[in-house]
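Structural features, examined
Listed below, chain by chain, are the residues.
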Amino acid sequence: MVLVTVRRLVRERAGSCCEYCRTRQSDEPFITYQTEHVIAIQHGGSDDESNLALACTR
Ligand SMILES: [Zn+2]
């Protein structure tokens, strides 16, 4: 599935760190980081890697 591949790319690009606050996934074992749309789909954002960011839940 294409979206899974893109999510993996984003995670690798981010080095498994939150791209907003740079907290490492390995420092937050109880939080599963998510790939988020920078611009929401309903606001014209795409599923492209460039529109996705790895983010913690803070
Ligand atoms: Zn964060």
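Everything that follows concerns the structure shown earlier in this document.
To start, this report covers the structure provided alongside it. (Residues numbered from 1 in each chain as written. Predicted model: local features only at pLDDT ≥ 70, side-chain atom pairs only at ≥ 80, totals over all residues. Heavy atoms only, no water.)

The next point concerns helix 1 (residues 2-14). Every α-helical turn comprises 3.6 residues, leaving residues that sit three or four positions apart pointing alike. Helix length check: helix 1, at 13 residues, gives a terminal C-alpha distance of 19 Å against a target of 18 Å (1.5 Å per residue), a fit within 8%. Each element contacted by the buried residues of helix 1 is listed here: strand 1 (34-37) and strand 2 (52-55). Phi turns positive, to about 65°, at Gly15, one or two residues after helix 1. (Helix = DSSP H or I, 4+ residues; strand = E, 2+ residues; numbered from the N terminus. Expected span 1.5 Å × (residues − 1). Contact = heavy atoms within 4.5 Å.)

Taken together, Cys18 (SG), Cys21 (SG) and Cys56 (SG) make up the protein donors of the zinc ion, found 2.2 to 2.3 Å from the metal. Of note, the donors binding the zinc ion are all from one chain and are spaced C-x2-C-x34-C. Of the residues examined, Cys21 reaches a relative accessible area of 40% and is grouped as partly exposed. (Donors = N, O, S within 2.8 Å, 3.2 Å for Na, K, Ca; no water. Buried < 20%, exposed > 50% of the residue type's maximum accessible area, 1.4 Å probe, protein only.)

This part is about the pattern of salt bridges. Throughout the structure, instances matching the rule amount to one salt bridge. The salt bridge partner of Arg13 is Glu19, with a shortest N-O separation of 2.8 Å. Classification of Arg13 by relative accessible area gives partly exposed; the value is 40%. (Salt bridge = Lys/Arg side-chain N within 4 Å of Asp/Glu carboxyl O.)

Mapped onto the elements, Val2 comes out in helix 1. A relative accessible area of 66% places Val2 in the exposed class. Measuring from C-alpha to C-alpha, the distance between Val2 and Glu12 comes to 16 Å, with ten residues separating the pair along the chain.

What follows covers the environment of His43. Structurally, the position occupied by His43 is in the loop between strand 1 and strand 2. Relative accessible area serves as the criterion here: at 63%, His43 is assigned to the exposed category. Sequence-wise, His43 and Leu3 are 40 residues apart; in three dimensions their C-alpha atoms are separated by 19 Å.

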